[in-house]
Every structure is written in structure tokens, then in C-alpha cells.
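For reference, the chains in residue letters:
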There are 2 protein chains.
Amino acid sequence: MSVARANPPSATPSSATLRQQVYAQLRSAIEQGRWPAGMRLPPSRAHAGLLGVSRNTVLWAVQRLLAEGYVQARVGDGTYVAQALAKHGVGAPSNAQLHAPALVAPPRGLSRRGQLVADTAARWRPPLVAARAFRMGAPEVASFPFAVWDRLARQASQAQRAARAHYLDPAGDPDLRQAVAQWLWASRGIRCDAAQVVVCSGSQQGIDLIARLLLDVGEEVLVEDPCYPGIRASLLGHGALARPVPLDASGLCIAQGAAQWPAARMAVVTPTHQFPTGVRMDLPRRQALLQWARDHDAWVVEDDYDGEFQYGNAAQRVPALCSLPGSERVLYVGTFSKTLHPGMRLGFVVVPPALVEAFAMARAITDRHAPGDAQAVLARFIAEGHLLRHLRRMRELYLHRQQLLIGTLADASDGHWQLPASDRGMHLLHEVPTDTDDEPLARSAQAAGVMLVPLSRYAIHSPRRGWLLGYAGYGDEEIRAAARVVGALAGR
Amino acid sequence: MSVARANPPSATPSSATLRQQVYAQLRSAIEQGRWPAGMRLPPSRAHAGLLGVSRNTVLWAVQRLLAEGYVQARVGDGTYVAQALAKHGVGAPSNAQLHAPALVAPPRGLSRRGQLVADTAARWRPPLVAARAFRMGAPEVASFPFAVWDRLARQASQAQRAARAHYLDPAGDPDLRQAVAQWLWASRGIRCDAAQVVVCSGSQQGIDLIARLLLDVGEEVLVEDPCYPGIRASLLGHGALARPVPLDASGLCIAQGAAQWPAARMAVVTPTHQFPTGVRMDLPRRQALLQWARDHDAWVVEDDYDGEFQYGNAAQRVPALCSLPGSERVLYVGTFSKTLHPGMRLGFVVVPPALVEAFAMARAITDRHAPGDAQAVLARFIAEGHLLRHLRRMRELYLHRQQLLIGTLADASDGHWQLPASDRGMHLLHEVPTDTDDEPLARSAQAAGVMLVPLSRYAIHSPRRGWLLGYAGYGDEEIRAAARVVGALAGR
């Protein structure tokens, strides 16, 4: 495997000017039609060599053109001059616009913010193929207790069914909010009132409502680098600026982030099990993050996407960041997409009491409320202990699948891939030296029918490289078969 | 009943200046604390007399302070200086901000646009009380065929259930999109491809996605006056400016709207059965509206909320605006909240092919997609003819309920309220002379347990007054009892 190293990103004034120059040159080439619509951009390394600048300089300029819609990325297939420009043209943005995030004249009749949303497709697009090992984020669904669920649904009388069929409270079903609050206390150490729980349609809507209510266009948000692209897409779609902050063994380097981005108004973190690197934020770092939020009057968004999948006994599980003293500025985002299944589209946000009304109103004008039946059944599912039982089974199953993955991969790769075991989560990371090109192996795996997401696709500026393997949603046979494919490719 | 007439709204330069002066005076009183937080504003009539200006001038200024969060309305309880200002203060907006819609410094830690969302609560808040005659917009749900629905759900195998439990296409279940496209052709005369149907969570989300993708902050949208406040709240929450256009017997007066608001980029209409006045837009007006959209490169949003409830035989039903030639700039918003039930949270938007990708992406970063099971069951419910059967029953039932309402009201009011029959819809309007105060009777009815929404609550500048009676969702006994209450109050 070839390992290439580029110059580290630099932020000195002269390099900043150089990046601006390269950016302006490329934009002008596109605007004046020298680079026509549909043209594939030269590979960044070759391009950098041609211009006599570092590869990072070119990457920075292309990233900016991407954000502004001049070029579009196709995953695994390079970057192209955007098609829409050819038909409609792009006016030269004013100086004010150059300092605003990605606000260029909208092609295709979209508004500027609509274009921002459409542009996110160039960075992230939820995979639509059937879940296949080792796709990330897919929980076990084949053995979901649909029969139990249906039985709870059937227990409702016709009158109860009719009551749930009306327009309902945008903040959510009262029984479900109560059940979630009790569950959070028992499972995640979070003390909150049921009234602070706002039901939403998975964590994606939670982030969307948070961005809409708490961020204005051009405001800065600290994000982990690498991080989950769906969150970044949501922030960018709202015109917020996602500012990458490196991770170390203690989690998000908040001191570094605070120094580099002093205007940041929010930080989005996955402290229990960082997505995707798997690091757990330790207590001193958690306290530093909460202190930063208080000092800067900033918000911390805790995305606890897989916090329930800590395999050890309950006493050893790390509680949520939101359970710590001084966490008044933390908004907790939870989802049933991992604990139950994604097709359910239910999750929740725990917000400070003063914000509940605004969240309910935002939900009301966004999509009114969550479906009545599903909320009511989920409330009973939790209250009657089925969630607890399901999670107990899933923790055992996921631990088993992780061990199977590690063992099969080690065997199939002749010991080349020895993944370190983890006591939590739904995926593992096989990390390699920084700036390794992790795309070729992913493409080979893809050709062999295995999804092996390169870490670089989650990185913003991070030079960390490797491959991610989601194991939670796949049976033993599928894990063995896919691990053998990867092992054979990796062992070459 | 007291009938008061105020001066008609005027838009001459001098009156505009006067309104600005009154507005500036009131804002300064609040900012400098002369009007403390929590203070109730004087009644508009008394206030206007004191200042020597028309009541409309005062109302305009207060409306603007409401939009900017300086004051808050409590339904049926006047207008108060906002509480939040006392604690946080409101900076004097810059001149640029004065020309932007409602962008003042955010109290309570909300962003400016978050404050816009929260402010909408002062104008509109979905009712949370159990549906009660004559609440608007509630369909019959007590006799919904839940058993049929559940049977279709049970027909799915465990493997099918599992397949629907994964992350799915944000644009919607392919079978559902196909079923909707076929249904729209058969029932509403709309020729569209299944690929143009984007599934969403009721019409509220349809409007939300449209506003987000096609409108920027400060852009103008023509709305019917009076109109549905949920749509207006969505537009305002996105920073768009809802510009009221009067209605006549042919529907929205597009020529007048175009002349008064030449910069408008969109019009939102309910052409089949205007909400809430019930007028149907005639063909010449429809053609004029489509011509306006083409001439101005503007969008027309057709909200067909109750288009399926035309009681006559199928041949007499008026097809959708979207079915006309030249309707390329129409976005059609449909919902199953009325045709089936609101608790289901399913609807759809039909968009031009070039916009499908952007809508799917907006849905993906907003809340990913609709629940898998509900989409799959609904697709079968439509394909197997259950929607057709249900609507046939509902049309008969609603016609019967409307007749019962008209008859009982006429009897109970000693002939004072003779509501004209309608061949469509889910509600009736009893209109009275313009500028009548329609709040007192609504309050009396409320005290007697009957919801009787005054037309003025849906009006922006319109002086039209009256009361709205939703009859679709209530059984014979409830209609009779509520009609007797209203009749007794109205017959006095």
C-alpha cells in the first residue's frame, strides 16, 4: 500500500494568501468557461505539482469551490465542474458575499440557502443500497421483536387509536416523554423532567432543530475532525460554519479549538464513543468542554448515538456528558434508530426548560409532530421493559459479532489486520499511518461487494487514515464472508 | 352585536411614514423601559384615539413589534411587552436590519432565525385540546378502518418488516410514490411521474421544504388574505415576507397582488376550496396566476388540503391547478392528514423533475425520511382501493354532517344563521359585515364548550369577518349539541 505524506496544513498569513490566490484562479477558470461544466478536475497531487504549491493548498481551494457550488464531488470518482453553472451562469459574488458562507447566486431556481442544502449532496448523501457489511450505523434489525411491537399496538382500543389519529402535541406524546425521562435517568444518569424531552424524528431532526433555533448564517460550530458527515451537512445546510477540531486520546481538543475559533457558539460532540474514531472523552476534558461553554455562552450538543451499546456491566458504563454538574448548556440528542431501528424515525432532544417552547414551535411549523401510534406504542415498549430486554440482547450480540470480526479478519489477512477490541459501539476502526491513501482498498472492497468506508471520507482537515467496519447489523455468515474478502485484499 | 368600522388600510407615502413614526415611538418606549416588560398594551382603538391616528396605523405598528419580538400576543387576552427583553435587552437594530424581516438581537439565547420561529407562536399555535366541534381541519377519525390498516401491516413477512426498518430513500418508498402518482392522475387530473413525488410528513413539512429550498430571507410571497396561519407561520419562520392579497369571487386577486408586490417570488394558494373562505378559483384566474408565475419566474404552491372532498360525482370535480397546461412552475402539496388521519403524518409534494434531488437532499438532512412501515402499508392501502372506498364513505358522511349543521343551526338560531350549503370541503363560513368584532361570540361559545373560530384570526389586512365551523370530524350528536349552543348565542 502506498503511503504518501503531504505538507501539514498551515495557517501562516503567506500560505493563507497563496490558498486565496489558487482559489481565485480556479474560480475564474470556471466562471470564464476555460474549465467547462462537467470537466473533471485534475488529481490534487498532479495539480499541486503543476502550480508549484502544496497539495493542501489545492485541497483547501477545491473544498471552498465545493462549498460554493462551483464544483461537485462524486464519491470515489473525483471532482467535476458543476453542470448547473453552464446553463445559468454564476455572477461574481460581491465582497460581502465572499465573506459569507457559500452564498453565491442560486442556479436551478433554488434560493441561496436551498443551494446550500443541495450542495451538501456533494459531500454527503445517505447510502441507499441495502445494508451490507460493513456499512456504518446499521443496527441489527432482522431479529427486532416486531411481534411484541404489534401486540402492544393491538392492545389499543378503537377509541385510543382514534385519539392518536388527531393532531397532537408537537413536543411529543406525554407518556413517551415520561418514559424517555425515566429511561435516561436509569440508563444514562441524566436527571431531566419529562417536559424537557422533545420528541423528534431521529437525531438528524434533533440537529436540524438545534441549528435552526440556535445558529445564524455564518456562525461557527466546533466539530470533531473526523466526524459524522450527516451532522456537518445539516450545519452547512443552515449556513453555519463547521470548524474542525482535532481529537486526541481524551477526545475533542477543546483548548485548541477554543484558541483557533474564538467566535464559535456551539460544539457538537460524541463523547461516549466518538464517531468514527471510537475514543471516549475523559472526565477532565468533559469538564473543560463544559467550562468553555459557560465562558463563551456557547452550546454543547451531545450526540449520544450509541451510548447504550456499552457492553460491560451497568455499573461500569460511562454516563452521559449531560449528567455532569455544570451541564446547563448541553443539549442531549438521543435516537431510537440504533437502539431499536432506523425505519421507526423516532428520537428526542433534551433541552433546557427555557427552550422547550421554542423547540415545540419549531417542530410545529416544520412538520407538526411525530406519528401518534408509533409514539404511543414506543412509550409502552419502554415502560414494559422491552427496550431494556432488547438492548441486553443486542449488547451480547454486538460483542459476539465484534469478536467474530476481529478473529476472522486476523486469520484471513494472515495477521496483517489485528483490530483492537473495544468494549462498546457498533463499529471498529483499522487505523493506518496519516496521509495514507485509503481510497484504493475501499474501491477494491466495493468491487468485491464489501463496504469498507475510508476514514478520509469523514475527515475535514485531519490527516488520519484507515477503514471503518460496522459489524452490528450483520449475521455471522455475512461477517465471515465480508471479513475474508477484506482480509484477502489487506493481506496482499 | 356591535359593528365597528375602521379606516381601510392605506398605502400612500404619508400614511406609510405615519405608521413608521408610530412604530418607532412604541419601540423606543419599550427599549427605554417606559413600557416595562409584562405591561399590557392599550386597546388599539383607545390607543389610536390617544395618538390621533387611525386604528390601522396602530395595528400595523403593533404587528411589526410582534414580528420583531418586542411584544407578545396572548390569544383573547391582548398584547403585552415581551418578558425576555427585560432580562437581556434588545440592541437598536442597524438600518440594514430595519429593512430585513424581524431580525433583532435574539433574547433567550435563540438565534435571530430561532427567534423568528419562536415568535410565530404569538401568531399561531396548533390547538392541543382534544378535537371538539367546530374545530377546523379535523377529519372523521373515529370510524377510520384501523382493522384494514392493521391487516395490511400484518401481511408483511419478517424479512419485509426488517427491510423497511433500515435507513430508506429520503424521497420516499418507491411503491408509495408510484401509488400516489397513479392516484393523482385518476383523482386530481395530475400527470406526473412517480419520481416527481417526494414523500413528506404532511403538508406542513411540504411547505417547510419549499420555503427552505426556494426562498431566501426577506423574499416576498403572495398569500391569500385571509389564509391558513400554519402556512404563514412557516414562511415567517424562514424569514420570508408573507404579502396579503385579497380574494374575490374568482379567488386570489393576482393582478392586484402582482401590482402591489412586484418583487414577489412565490404565491401560495388553495384554489380548489380556499382556506378558510371556501371560494373556488375559476379557470381565467387560474390561467392568470400561471401566467404571472411564468412572467415573474415565480413559483406557485398549490395546497390541495381538501381537494378530495368534492361531494358531487367524479365527472363534476374540479381538477387541480397543477393539472393545467403551463403549470410547470406549480408545486403541488398533498396530505393524507385529511383524506386519512393527521396522526399518520404522511403527505407529499409533487415537484418539477429538476428539483427532485434538492428536495430529497433537504429531507435527508432535515429528518432523513418517513417511517418505513407506514409508507409501505399506505402504498398497499391505496393500491388495493381502500383509499377510494374510504373517501367515498367520507364524502357521503361529510355532506350529511354539513346538512345536519345547517339545519340545526337555522332552527336553533330562529333563522338568524342560514349558512349557504357547499358542494365540497370540511367546514362552512358564516360571514358578517366587514369589521364586525367577531371575537366576543367566539369567547361566549368557548365558555360554553364550543370552538367557533372567528374569521378575523385568519385575516392579515382583510376586514372580512365571520365564524368558521368545521363539521367533518364530529358525530351527529356532537354537531347537534354544538349547533344548539351557537344557535342560542347567535339568535339572541
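Residues numbered from 1 in each chain as written. Chains lettered and ligands numbered in written order. Predicted model: local features only at pLDDT ≥ 70, side-chain atom pairs only at ≥ 80, totals over all residues. Heavy atoms only, no water.

K.L.:
Can you lay out unusual backbone geometry for me, pointing to particular residues and giving the numbers?
P.N.:
Residues and elements named next belong to chain A. Put simply, D225 and P226 share a cis peptide bond, and its omega is 0°. Relative to the assigned elements, P226 resides in the loop between strand 4 (220-225) and helix 11 (229-237). Look at the link from F275 to P276: it is a cis peptide, with omega at 5°. The phi torsion at R368 lies on the positive side, around 70°, for a residue other than glycine. By the secondary structure assignment, R368 is in the loop between helix 15 (356-367) and helix 16 (372-383). (Helix = DSSP H or I, 4+ residues; strand = E, 2+ residues; numbered from the N terminus.)

K.L.:
Quick rundown of the pairing of strand 5 (residues 241-248) of chain A? Include the residues and the values.
P.N.:
Residues and elements named next belong to chain A. When strand 4 meets strand 5, the two strands line up parallel, connected through 6 bridges. For V221, the partnering residue across the bridge sits in strand 5 and is A242. The handedness of the strand 4 to strand 5 crossover, carried by helix 11, is right-handed. Relative to strand 6 (residues 251-252), strand 5 runs antiparallel, the two sharing 2 bridges. Within strand 6, the position partnered with D248 by the bridge is G251. (Pairing = 2+ DSSP bridges. Right-handed = clockwise from strand over helix to strand, strands pointing away.)

K.L.:
How would you summarise the relation of the copies chain A and chain B if you had to cite specific residues and measurements?
P.N.:
If you rotate chain A by 180° and push it 0.0 Å along the axis, it lands on chain B with an RMSD of 0.2 Å. What the superposition gives is, in effect, a two-fold axis relating one chain to the other. Interface overlap between copies is the fraction of interface residues in one copy that are interface residues in the other; for chain A against chain B it reaches 100%, indicating a shared surface. (Least-squares fit on C-alpha atoms with pLDDT ≥ 70 in both. Contact = heavy atoms within 4.5 Å.)

K.L.:
Describe in detail the interface of chain A and chain B, supporting the description with residues and values.
P.N.:
Each side of the interface is counted separately: chain A has 76 residues, and chain B has 76 residues. Buried surface at the junction of chain A and chain B, both sides included, amounts to about 6400 Å², of which 55% is carbon and sulfur. Taken together, the links from chain A to chain B amount to 4 salt bridges. The tally of links from chain A across to chain B stands at 42 residue pairs in polar contact (both at pLDDT 80 or more). Per element, the largest residue contribution to the side of chain A that touches chain B is 8 residues, and it comes from helix 15 of chain A. In terms of residue class, the side of chain A that touches chain B is built from 37 nonpolar, 20 polar and 19 charged. (Buried area = accessible area lost by both parts, 1.4 Å probe. Salt bridge = Lys/Arg side-chain N within 4 Å of Asp/Glu carboxyl O. Polar contact = N/O pair within 3.5 Å; in protein donor to acceptor, adjacent residues only side chain to side chain. Nonpolar A, V, L, I, M, F, W, Y, C, P; charged D, E, K, R; others polar.)

K.L.:
A description of the packing of aromatic side chains should follow, citing residues and the corresponding values.
P.N.:
All names here are of chain A. Applying the stated rule across the entire model yields 22 aromatic pairs over all chains. Aromatic pair F144 and F381: ring centres 6.0 Å apart, planes at 15°, arrangement stacked. On the criterion of sequence distance, the pair formed by F144 in the loop between helix 6 (112-123) and helix 7 (146-154) and F381 in helix 16 is long-range, its members being 237 residues apart. Since its relative accessible area comes to 0%, F381 is described here as buried. (Phe/Tyr/Trp six-rings, centres within 6.5 Å; stacked < 30°, edge-to-face > 60°. Buried < 20%, exposed > 50% of the residue type's maximum accessible area, 1.4 Å probe, protein only.)

K.L.:
Kindly report on the environment of L209 of chain A, identifying the contributing residues and their values.
P.N.:
Residue and element names in this part refer to chain A. Structurally, L209 can be placed in helix 10 (residues 202-214). In the structure, L209 is positioned 157 residues away from T366 in sequence and 8.9 Å away in space, judged by C-alpha atoms. Not counting chain neighbours up to four residues away, the residues in contact with L209 comprise C200, F359, A362, R363 and T366.

K.L.:
Provide a residue-level description of helix 7 of chain A, including the pertinent values.
P.N.:
Turning to helix 7 of chain A, its buried residues are F146, W149 and L152 of chain A. Buried residues of helix 7 of chain A, seen end-on, are gathered within an arc of 125° and therefore sit on one face of the element. Residues of helix 7 of chain A that are buried make contact with helix 16 and helix 17 (386-412) of chain A together with helix 8 (158-164) of chain B. (Arc of directions from axis to C-beta.)

K.L.:
Explain a positive patch on the surface to me, and be specific about the residues and the numbers.
P.N.:
On the surface, a cluster of positive charge is made up of R151 and R154 of chain A together with R151 and R154 of chain B. Looking at the positive patch, the elements with two or more residues in it are helix 7 of chain A together with helix 7 (146-154) of chain B. With respect to the element layout, R151 of chain A can be found in helix 7. (Patch = residues over 30% accessible without salt bridge, like charges linked within 9 Å, V, L, I, M, F, W, Y side chains within 5 Å. Areas by Shrake-Rupley, 256 points an atom, 1.4 Å probe, with all protein chains shown as cover. Lys, Arg positive; Asp, Glu negative; His and termini not counted. Charge placed at Lys NZ, Arg CZ, Asp CG, Glu CD.)

K.L.:
Quick rundown of the domain arrangement of chain A? Include the residues and the values.
P.N.:
Residues and elements named next belong to chain A. For chain A, the domain assignment lists domain 1 (9-113), domain 2 (146-384) and domain 3 (389-490). Summarising the inter-unit geometry, the C-alpha centres of domain 2 and domain 3 are found 26 Å apart. Between domain 2 and domain 3 lies a buried interface of about 2400 Å² when both sides are counted; carbon and sulfur atoms form 62% of it. Our enumeration of links across domain 2 and domain 3 arrives at 1 salt bridge. One salt bridge connects E308 with R395, and the closest N-O pair in it is separated by 3.7 Å. For the pair domain 2 and domain 3, the interface holds 14 residue pairs in polar contact (both at pLDDT 80 or more). Counting residues per element, the ones that place at least two in the side of domain 2 that touches domain 3 are strand 4, helix 11, strand 5 and helix 14 (336-339). (Domains from an automatic or database assignment.)

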